[in-house]
Structures are given as C-alpha cells and as structure tokens.
Amino acid sequence: MNIGIVCYPTYGGSGVVATELGIGLARKGHNVHFLSYARPQRLNEFESNIRYHEVAVNVYPLFEYPPYDLALASHMVDLIKYEKLDILHVHYAIPHATSAYLAKRILGRAGKPVAVITTLHGTDITIVGSDPSYLPVVNFSINQSDSVTAVSDYLRDETYSKFECENDIKVIPNFVDTERFKRQEKSHFKKAICPDGEFLLTHVSNFRKVKRVVDTIEVFKLVLDSGLDAKLLLVGDGPERVNVEARCRELHICDKVRFLGKQEKVEELLSISDLFLMPSGSETFGLAALEAMSCGVPVISSDVGGLPGLNLNGETGYVCKLGDIEGMANASIELLKNPEKHAAFSVASRERAEFFEISKVTQEYEDHYVEVLDRVRKERCSDMVL
Ligand code: GMT
C-alpha cells in the first residue's frame, strides 16, 4: 500500500507512535510518506521505502498566524494525487483531521479513492479539542474521517462523552519496540550519575503543566527525607522547567537532580533507572511509562485516564490518587527498600510491556487499513452506480 502518515515531529507522544508505526509498515514493504512541519524526531535512519515531505508555510506580512492547516491540506492533495496514496493516516486530530477532510473534498472523485484514518491521542480530545474554540471543527472533522481510532478505552469513552460522534471508534493501543527498549548494560552511565550507588528515579515528559513535573520533585524530596540515598533524572524539556528548577532550589536539592533536556536514546537512561515517576494530571495511555516498563523499570503513577489500565497496581508499580505526593513517595520508598519485591515488579513490568509489542500492533493497524480501504472502495463503486 501507499501510506501517508501525518504527525507532529515530537520526541514523545503521538509523534513517536506515528513514526514507529510508519517505520514498521515500511519494513513490511509498504511505501510510507511522512508529512510534518519538521522531520519527526525518531525518523533518523535511512529506510529505502520511506519519504519525508516537509510542509512549508508561506509567510506573508498579513498573516499574524500563518495557516499551517491550509498548507498541509494542499500538500496532502499533492501526495494523494502524485504518490497515489491508498491510506492517509493522521495522528492527533488538530488540525490534521481537518486538513485531511479538506484535501479529500478538493479531490472529489478524481483519481483512486483514499481512506482517511484519524488516530486520537489525548489532549486533542481531552484538553485542546474539547475547548469551545476548537470543538465544533474537531467534532466535524473526526466525523468525516473514514475511520477513527483511539489509543485506549479511556480515550474512546472520553471522545464519546465529549463529542457527538457518528463513527464507531476502534481502540488500537500504543506499542513499544521491546528489542530497542530493553534493559542494557550501562553501568558506566549509572556510575557517572550515581557514583555512590544511589537509587535512580527517572521522569520523562514534555514538561507541560499536565505532566505535573513539580510533583516529581515533591515526591523525590520525601524519598530523600526517608533517609534513602537517591538521584532524580529529568528527561525532556518544556514550559514547566523553570518552575521545576525553582522548586529544586527552594528545597535545596539541586545537587541531587539532573536535568538532561531532550534525549534521543531514552532506552539507555531507562536502563539505569530504578523507578519511573509519572504523576500526570491527564494521560490517555502513558507511552513514556510503557517504554520504562519495557526496560524493566517499575512505575509510580497517578490514577488518571489510561494509566491504571497500563500500570498494574501492586504488580508493575503503584497507582496513586492524582496529587497524592505522600502516597507516591511511600510507594517509591517501599519498593526501593525491598529488593525482592522490586525485582519481581521489574520482571512483571517487562512482561506487561511485551503485551504491547510493536509487531502485533503494527499488524492490527495494517488489518484495519485493509478493512477501511475496502469499505471506501465499495462506497465509491456504489456511488458511481447511482
Ligand atoms: O499531551 C501530550 O503529552 C502529548 C500527546 C501527544 O499526542 O503527543 O500525548 C498523548 O498521546 C500519547 C501517545 O498516544 C499518550 O501516550 C499520552 O498519554 C497522551 N498524553 C495525554 O493524554 C496528556
């Protein structure tokens, strides 16, 4: 198949899911075209049947807000036409599903039919998409897609409750490359960060408010207060970083916290971690936690959204009430002080991650593409008969 994949080029979240899926599909012989405003971060190796198309937005003095969605729609039209796309798979509804609708309308019945599939990821529904400034357009656009998928049951149910949905939403979970995300021997890294054998707690995110990164600092402070010797590794960057740094200074724990910024080889950092902290205020799936689990790192998380469905309380980690700093700290302390339990949780985390192994989920998407394309083709044929 000729497959177009539209995504944000981010280090995490939907950008990673879209890129890993595209690479997986290309390795199975499909022609994959990525469309974004910058190269997706994980698209960093040559693959003979992958093309990357950058959407350039023409700036004009009149435009205070250059219309990316229109430039994207025009680019989609070209791809569908000249690369003969069978599938246009857009990740994150805003504005991708809207641009896809526009492109499809522009082409009308010209050329062969293309199936538009929208995958909902999270804030495109739970936060940004349900804001009144976007809701009518998002609602309309997802109803116009030939198929809508969501990354968790939770997100599917939220979409049904917040939007007037005409489509059945199919749940296809996120996934992890368990070969790449596995515990590796990186003791020299561990020695560099924890020279005195300290425990290492890790958090990876885009440092948006919704991730509650300051909570990781509060949890970590209580872990230190318990007498455990530990370090905290913060991976990623974003708007909350200044507040997080300020809180570290207030608590006088800067020497125990390492900010690494955006990192490509997250699996190496997870390989030396003892615990992963995810105190998010909203999380439809929790891909970063899945990647940690795949490296055998137990997760201490909040209980929001899709997290309890991923992080099994008392098996792969602990799930605490949102904002329950003390609960998260006690859970961390308990696991770190009990090496046998920690080892059992580590094994269970890896086993849980294997359930979300990339090849199984890629196959699920592939089967779904075939099914939707078949329906779209039949609809076109019956339109022509009428
Ligand atoms: O809001 C974000 O953190 C980014 C967002 C995205 O779409 O890039 O992440 C969402 O998608 C991820 C991949 O499907 C999920 O694992 C995250 O749980 C989800 N984030 C939120 O719901 C906050």
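**With respect to the side chain of S36**
Consideration 1: Along the chain, S36 falls in strand β2 (residues 31–36).
Consideration 2: Side-chain polar atoms of S36 contact the backbone oxygen of C7, separated by 2.7 Å.
Consideration 3: Beyond its immediate sequence surroundings of up to four residues, S36 is in contact with C7, Y8, P9, Y52, H53, E54, V55 and Y68.

**Some thoughts on unusual backbone geometry**
Consideration 1: A cis amide bond links I94 to the next residue, P95, at an omega of -15°.
Consideration 2: The topology assignment puts P95 in helix α3 (residues 93–107).
Consideration 3: Positive phi, normally seen in glycine, also occurs at Y92, with a value near 80°.
Consideration 4: With respect to the helices and strands, Y92 occurs in the loop between β4 (87–91) and α3.

**Observations regarding the domain arrangement of the chain**
Consideration 1: Parsing the chain into structural domains produces domain 1 (2–175 + 358–385) and domain 2 (187–354).
Consideration 2: On a C-alpha basis, the centroid separation for the pair domain 1 and domain 2 is 32 Å.
Consideration 3: In this assembly, 19 residues from domain 1 lie in contact with 13 residues from domain 2.
Consideration 4: Overall, the association of domain 1 and domain 2 removes approximately 1200 Å² of surface from exposure, summing both partners, and the carbon and sulfur fraction of that is 59%.
Consideration 5: A per-residue breakdown of the area domain 1 buries against domain 2 is headed by Y11, Y154 and N174, which together make up 38% of the total.
Consideration 6: Counting across the domain 1 and domain 2 interface gives one salt bridge.
Consideration 7: Where E291 meets R42, a salt bridge forms, and the shortest distance between an N and an O atom there is 3.1 Å.
Consideration 8: Where domain 1 touches domain 2, the interface holds five residue pairs in polar contact (both at pLDDT 80 or more).
Consideration 9: The set of elements that each furnish at least two residues to the side of domain 1 that touches domain 2 consists of α1 (13–27) and α6 (153–162).
Consideration 10: Top contributing element to the side of domain 1 that touches domain 2 by residue count: α1, with three residues.
Consideration 11: Here the side of domain 1 that touches domain 2 is composed, by residue class, of nine nonpolar, eight polar and two charged.

**Section: the pattern of salt bridges**
Consideration 1: Per the counting criterion, the structure on display carries 30 salt bridges.
Consideration 2: With a shortest N-O distance of 3.3 Å, K209 and E240 are connected by a salt bridge. Separated by 31 residues along the polypeptide, K209 in the loop between β8 (199–204) and α8 (213–225) and E240 in the loop between β9 (230–235) and α9 (241–250) bring together distant segments of the chain.
Consideration 3: Between E218 and R247 there is a salt bridge whose closest N-O contact spans 2.6 Å. Placement of E218 in helix α8 and of R247 in helix α9 is noted, with a sequence separation of 29 residues between them.
Consideration 4: Overall, the relative accessible area of 24% leaves R247 in the partly exposed class.
Consideration 5: One salt-bridge network, in which partners are shared between bridges, spans E20, R42, R180, E267 and E291.

Conventions used here
Residues numbered from 1 in each chain as written. Predicted model: local features only at pLDDT ≥ 70, side-chain atom pairs only at ≥ 80, totals over all residues. Heavy atoms only, no water. Helix = DSSP H or I, 4+ residues; strand = E, 2+ residues; numbered from the N terminus. Polar contact = N/O pair within 3.5 Å; in protein donor to acceptor, adjacent residues only side chain to side chain. Contact = heavy atoms within 4.5 Å. Domains from an automatic or database assignment. Buried area = accessible area lost by both parts, 1.4 Å probe. Salt bridge = Lys/Arg side-chain N within 4 Å of Asp/Glu carboxyl O. Nonpolar A, V, L, I, M, F, W, Y, C, P; charged D, E, K, R; others polar. Buried < 20%, exposed > 50% of the residue type's maximum accessible area, 1.4 Å probe, protein only.

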